[in-house]
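This is what each chain is made of:
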Protein chains: 2
Amino acid sequence: MPRFSKSVSALRSSAIRELMSLASRPDILSFAGGMPGNELFPIDEVEELFRNLDTKTKQAAFQYGPTPGLPSLLESLGGFLERKGLPVKKNRLMITTGSQQALSIFARAFVDPGDRVLTEYPCFIGAIAAFRACGAEIVSLPVDEAGIDIAMLRQEVENPDPAKFLYITPYFHNPAGMLYSTNRKRKLIKALQGRDIPLLEDDAYGDLWFSDEHREALQPIKAIDPEDIDVCYMGSFSKILGPGLRLGWMLAPEAIYEKCELIKQSADACSSSFTQVIADAFIRSGRIDTYVASVREEYKRRAASMVKALRSNLPAYVRWNEPKGGFYIWLTLPEGADATEILKRAIEGGAVFVTGSTFDPQGTRNNTMRLSYCNNTPEEIERGIPIITRAIREVCG
Amino acid sequence: MPRFSKSVSALRSSAIRELMSLASRPDILSFAGGMPGNELFPIDEVEELFRNLDTKTKQAAFQYGPTPGLPSLLESLGGFLERKGLPVKKNRLMITTGSQQALSIFARAFVDPGDRVLTEYPCFIGAIAAFRACGAEIVSLPVDEAGIDIAMLRQEVENPDPAKFLYITPYFHNPAGMLYSTNRKRKLIKALQGRDIPLLEDDAYGDLWFSDEHREALQPIKAIDPEDIDVCYMGSFSKILGPGLRLGWMLAPEAIYEKCELIKQSADACSSSFTQVIADAFIRSGRIDTYVASVREEYKRRAASMVKALRSNLPAYVRWNEPKGGFYIWLTLPEGADATEILKRAIEGGAVFVTGSTFDPQGTRNNTMRLSYCNNTPEEIERGIPIITRAIREVCG
């Protein structure tokens, strides 16, 4: 047996791979993935944008670029982020290979095997994977409909063996679907100030709001720019252009950025210049704004279909959120219910979703389930939801 | 100060960033980079290939793909590698974000802080960075014109605290330029067999041979498929299509592959589908073969210009290799000479190269220098080499 490193020896394959192969079967309706709909990608626009680039830019697309990103994209993206109120000039911006790489780099920057890190429960599986790969011990604090449990967070920041960071996804949470309230963010800031626990703020879905009234709650903590907290902000082109480009970003204070750039250099030298050139043109042409506006409407339509189907079919004992944006609806079943058993029956009926235990760093709590509406037409949603609600009734009564 | 992880706390910025910014100044002739010439990229061919793809494939380009790579590319690349005699079916193939990511993944799979790893001296800087980022203690064994020092390797494999792996770049070495002899490979295999020290074989330049007569020496050790060694082979599209696509690959035994796939999933989920779709079309159309044949000729022409310029201008006390392929010529100055002083004077004259200490994991030995001919026209080479040889004479007499 090869002599693997300690943190890697402990890594075990997750159930996600198997689930995703199920999800790609044409005879199964999948509400499992967090993938944008294939038919929504701006293919023609991107082809046209690329065709009209000058030769020098096209050559740059094939060439190595600087580790932090192509200067032109750093500039255009910086402008895009400044329009959201983010303090771009006071920090350093870096392009990453998807925001997954930002997570991986932050984990490597801070975590030695056995170190404690704080996350939400439920928690984005990509974060669980990135933290585990560094040997982190994950302590997860529950979220309700307005954000993370502040009492538990206060307890954790008093711990004499302080966690290396707190990771949150406050804006249309994956998988919990919810949006942090302004008040909850304020309390979170207060709990962290002066504690030497950096905040990793993941904002992959914030652009996908369904109504203007939530704009205030969408202000990133990084944009509030609180004193005495190292806020490391990250975002992604995956939901506002296409995940296949593998482009995300991090905006971090100088001292943290410096280490992250060295890790990035060692990890993949730079992100794809080819897709960076495309993202830059997409921003500079203004297409990003019209495109995001159009997918916002489409996801809103899909969410409404799923809400309608759930309202008609879901037993009253299931708690769930009506989404204000993003991709997900999170169902909480009665205590002790087994989402894995429901999944089995749903698959037999021809529909698939992700069970809650997948998003539990401890891998135990399983009376929850995530439904995605991002990758289905309203018709598919109308057909698929009754299969799932029937499976719930069969298992939970 | 943020509480960084142990291996990251020790990371220091390399001189490479500064050098590369010098190298991009239009008034300086750069023989520093390992970048293909911008004017050589197959831009029109790739645009045409992309335009002619069907809608489903274009959609897949924007979408997430499986962590190991798009199935169609794994198939076409597998065929490409089998034609080189590589045992693709007996191993597992994975697409990586440049071969830099393959290095980073292997390092993370095997290295705990303080673990010893074996490299060549001189050694590819990307490998030094990847190993350092995991806290490796690098033990470097010198190469001569035929390969690594076998006596020293034999000593190392007897070490009671055995190294985690041996990393080599046997085919048109970066930076040493040389090609391992068949005999040296045979001895290396014998030294490693049954020793539980995996071999990381980096073959980023092997396709860029200048003459058919070296084809035998170019057979990868992975293709020889020796018993009782875990050979992990890696390659890259950077030199045979474009580094800006950020696509490389690893071919590894199942048990090692399994861990690597988990690390890859946590590192960036998958490599760019967009550029994978392009690489797949490039292979399937046969363009890769005509393109590689054409750049081979061009690099051969550039190498010949540099050889000619060095023959006319270099003092006799400088030892160097006449390249048989790849991108580099490696100069060895008299013992005690300081390549950094030569670099300073060369920059004043308007030319830049990379000093040997950059490729020394210990960062001390500095009587060597790397000249790249890949990114310069013969005219630029004729103008630039005398600037560098003059600087050598000024410093070394």
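For chain A, the name recorded in an unreviewed UniProt entry is Aminotransferase, class I, with Chlorobaculum tepidum as its organism. Database annotation for chain A, UniProt heading Cofactor (unreviewed entry): "pyridoxal 5'-phosphate".

What about the UniProt feature "domain: Aminotransferase class I/classII large" (unreviewed entry) in chain A?
Under the UniProt annotation, the feature "domain: Aminotransferase class I/classII large" (unreviewed entry) is placed at residues 54–385 of chain A. In this annotation, residues 54–385 of chain A is assigned 41% helix and 17% strand; the end-to-end C-alpha distance for the span is 48 Å.

Points about the pattern of salt bridges
In the structure shown here, the tally under the stated rule is 49 salt bridges over all chains. Two residues, Glu 47 of chain B and Lys 58 of chain A, come together in a salt bridge whose shortest N-O distance is 2.9 Å. In this pair, Glu 47 of chain B is assigned in helix H3 (residues 43–51) and Lys 58 of chain A in helix H4 (residues 55–62), connecting two distinct chains. The class for Glu 47 of chain B is buried, based on a relative accessible area of 15%. When its relative accessible area of 10% is taken as the criterion, Lys 58 of chain A is described as buried. Lys 264 of chain B is paired through a salt bridge with Asp 268 of chain B; the nearest N and O atoms lie 3.0 Å apart. Here Asp 268 of chain B and Lys 264 of chain B lie together in helix H11 (residues 254–268), a separation of four residues that amounts to about one turn.

Let's talk about the interface of chain A and chain B
Across the boundary between the two partners, chain A contributes 78 residues, which contact 78 residues of chain B. For the chain A and chain B pair, buried surface summed over both sides reaches about 6500 Å², with 57% attributable to carbon and sulfur atoms. Among the residues chain A hides against chain B, the three largest losses belong to Arg 3, Phe 62 and Tyr 64 of chain A. Together they make up 14% of the total. For the pair chain A and chain B, the interface holds five salt bridges. Put simply, the parts of the chain that give the side of chain A that touches chain B at least two residues each are helix H1 (6–9), helix H3 (43–51), H4, helix H6 (98–110), helix H7 (125–132), helix H11 (254–268) and helix H12 (273–284) of chain A. Take the side of chain A that touches chain B: its biggest share by element is eleven residues, from H11 of chain A. When the residues that make up the side of chain A that touches chain B are grouped by side-chain class, the tally is 37 nonpolar, 22 polar and 19 charged.

Scoring rules and cut-offs
Residues numbered from 1 in each chain as written. Chains lettered and ligands numbered in written order. Predicted model: local features only at pLDDT ≥ 70, side-chain atom pairs only at ≥ 80, totals over all residues. Heavy atoms only, no water. UniProt positions renumbered as here; feature names shortened; annotations may be inferred. Helix = DSSP H or I, 4+ residues; strand = E, 2+ residues; numbered from the N terminus. Salt bridge = Lys/Arg side-chain N within 4 Å of Asp/Glu carboxyl O. Buried < 20%, exposed > 50% of the residue type's maximum accessible area, 1.4 Å probe, protein only. Contact = heavy atoms within 4.5 Å. Buried area = accessible area lost by both parts, 1.4 Å probe. Nonpolar A, V, L, I, M, F, W, Y, C, P; charged D, E, K, R; others polar.

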